[in-house]
Structure formats: C-alpha cells, structure tokens
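Structural description and commentary
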Amino acid sequence: MSTTQQSSSDSATAPVRIAVGSQNAAKLRAVKTACDKIFAPRTVEVVGTSVSSEVSDQPLSDEEAMKGAINRAKSALAATEGAMYGVGLEGGAHQIGFRWFECGWIAVIDPSGQLGLGTSARFELSPKIMRRILSGNEELAQVMDDLSGTKDVRNNMGAMGLLTNGNVDRDVAYAQGVHFAFAPFVSDPVYWV
Ligand SMILES: O=c1[nH]c(=O)c2ncn([C@@H]3O[C@H](COP(=O)(O)OP(=O)(O)OP(=O)(O)O)[C@@H](O)[C@H]3O)c2[nH]1
C-alpha cells in the first residue's frame, strides 16, 4: 500500500473529533447523540472546553443567543487540535407578543469558516419565572434549582425536563437542534448553493 493510500485510510477510520464550547454535561450528551448518528459508522470523540460566550449569562433575545452559540463554536474549534467541527450551544429567552419562551441555539463551524445554525424546540417561561429573571439578575438555571429544590438542573434534565415531567430532557431537545445546525454539512448542496 502506498503512503497516500495508508494515510487516507487512517483518516477514514480515525474518530471524528468535535470541539464543543462548553463543559455542560447536557450539552455534551446532545452533541454526542446527534453526531453518533450523523457520522455513523465512524466513532465520534466529543471534546468539551470551557469558553466565553461573550454574551450575557441569560440571553434575552434570539439574536443574542445565536451570537453566543457562534462565539462558542469558533472558540472551541480554535482551542481543539484536530477538530473537524466546532459546536456552540447557547440557551436563551425570547419574547413573542406578551409571552416569553426559551430554546437552545446551536452553531456549527468548520475550519473553512462554513457555518450552520439550528435551534431546539422552544418552551414557554411563565410570568413567575420571567419576573425573577428580569428583575433579579437571576438566570433560568438558578430559578429552576430554587423552585424545584434540586441542584444543578442545568447539567441534568434542564428546565425542559422539569417542565415536561422528564419526557423531553434538555439533551434530547438540544440534540435535534444539533442535527439542524449540521444540515449544511450533511445534506445535498443543491439546497444551499
Ligand atoms: O434552553 C434551555 N433549556 C433547558 O432545559 C435549560 N435548563 C436550564 N437552562 C438555563 O438557561 C440559561 C442559559 O443557558 P446557557 O446555555 O447560557 O448556560 P449553561 O450554564 O446551562 O451552560 P454553560 O454556560 O456551562 O455552557 C442558563 O441559566 C441555563 O442553565 C436551560 N436552557
């Protein structure tokens, strides 16, 4: 076997390394679940790094949450040697009429700078929760920990899990958003160019 054949077959069997801009366990589970499907039968290695989102701890618009996801994806890719993609996930609230909702924004970036964006499904934030977020400098995770009497909801089932009685946990909802953010990289280019 020639050297060229050897190295191309090695790269085809090496794990696909995905850099994630967070060490949040629910976010890492979401990326692993989605990427195992996207890249099957190849093995996927998810590397989580703590990076700054460069937006507020509790984004209050889709635009801000999307920006946070992009910033995280770029920083994760730059920080992780050998990564094929950087992924950023950012939870954020947004207002529609008089009501408030939360969803996760997901950004995927490759070394050429190509960007894909997606979101999880969204859920409604009650006026009781929003009053605390808007008036008290609290982020959603703190309010949910306090109201549920549990600790570290953000890394586990998330507000999504608490509000659906565990039927749609944060990692499950975010995994769908990861699939949508990978769409430009995995679907027929006829839809994009
Ligand atoms: O969309 C969501 N679905 C959920 O089920 C959920 N449960 C808690 N939160 C909270 O929403 C705020 C922004 O999220 P966030 O991405 O900025 O931060 P995070 O602290 O969770 O992770 P990270 O900053 O360590 O990566 C933070 O208070 C999160 O904890 C959720 N958001």
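Our structure's up above, just so we're on the same page.
Residues numbered from 1 in each chain as written. Predicted model: local features only at pLDDT ≥ 70, side-chain atom pairs only at ≥ 80, totals over all residues.

Moving on, we come to the overall build of the protein. The helix and strand tally for the protein stands at eight helices and six strands. When the helices and strands of the protein are placed in sequence order, the string is α-β-α-β-α-β-β-β-β-α-α-α-α-α. Dimensions of the protein along its principal axes, counting C-alpha atoms only, are 65 × 35 × 25 Å. Counting contacts in the protein only where the partners sit at least 6 residues apart, residues at least 24 apart contribute 59% of the total. (Helix = DSSP H or I, 4+ residues; strand = E, 2+ residues; numbered from the N terminus. Contact = placed C-beta atoms within 7 Å.)

Okay, the site of the ligand next. For the ligand, the set of nearby residues contains 19 residues, the closest of which are Ser22, Gly91, Ala141, Arg154 and Gly158. Split by residue class, the shell around the ligand holds seven nonpolar, six polar and six charged. (Near = placed C-beta within 6 Å. Nonpolar A, V, L, I, M, F, W, Y, C, P; charged D, E, K, R; others polar.)

Moving on: the pairing of strand β2 (residues 44-48). In the sheet, strand β1 (residues 16-20) pairs with β2 via five bridges, with the strands oriented parallel. Counterpart to Val20 in the pairing with β2 is Gly48. Taken together, β1, helix α2 (residues 25-39) and β2 constitute a β-α-β crossover, and its handedness is right-handed. (Pairing = 2+ DSSP bridges. Right-handed = clockwise from strand over helix to strand, strands pointing away.)

This part covers unusual backbone geometry. Each neighbour pair has its own omega, and for Ala40 with Pro41 the value is 10°, a cis peptide bond. The phi dihedral of Glu54 is positive, around 60°, even though this residue is not glycine. By the secondary structure assignment, Glu54 is in the loop between β2 and α3 (62-79). Positive phi, close to 65°, is recorded for Asp152, a residue that is not glycine. With respect to the element layout, Asp152 can be found in the loop between α5 (140-148) and α6 (158-163).

Take the packing of α2 against helix α7 (residues 170-181) next. Orientation of α2 relative to α7, taken along the N-to-C sense of each, is 50°, at an axis distance of 8 Å. In terms of orientation, α2 lies oblique with respect to α7. The interaxial crossing formed by α2 with α7 has right-handed handedness. Contact residues: α2 offers Ala26, Lys27, Arg29, Ala30, Val31, Thr33 and Ala34, while α7 offers Arg170, Asp171, Tyr174, Ala175, Val178 and His179. When the residues that make up the contact of α2 with α7 are grouped by side-chain class, the tally is seven nonpolar, two polar and four charged. (Axes fitted to C-alpha atoms, helices over the stretch in contact; angles between N-to-C directions. Parallel < 35°, antiparallel > 145°, perpendicular 65-115°, else oblique. Left-handed = near helix turned anticlockwise from the far one by under 90°.)

Bringing helix α4 (residues 127-136) into the picture now. Along α4, only one of the ten residues are buried, which leaves the element largely exposed. In the segment just after α4, Asn137 is the residue with positive phi, at about 60°. (Buried ≥ 20, exposed ≤ 12 C-beta atoms within 10 Å, placed from the backbone.)

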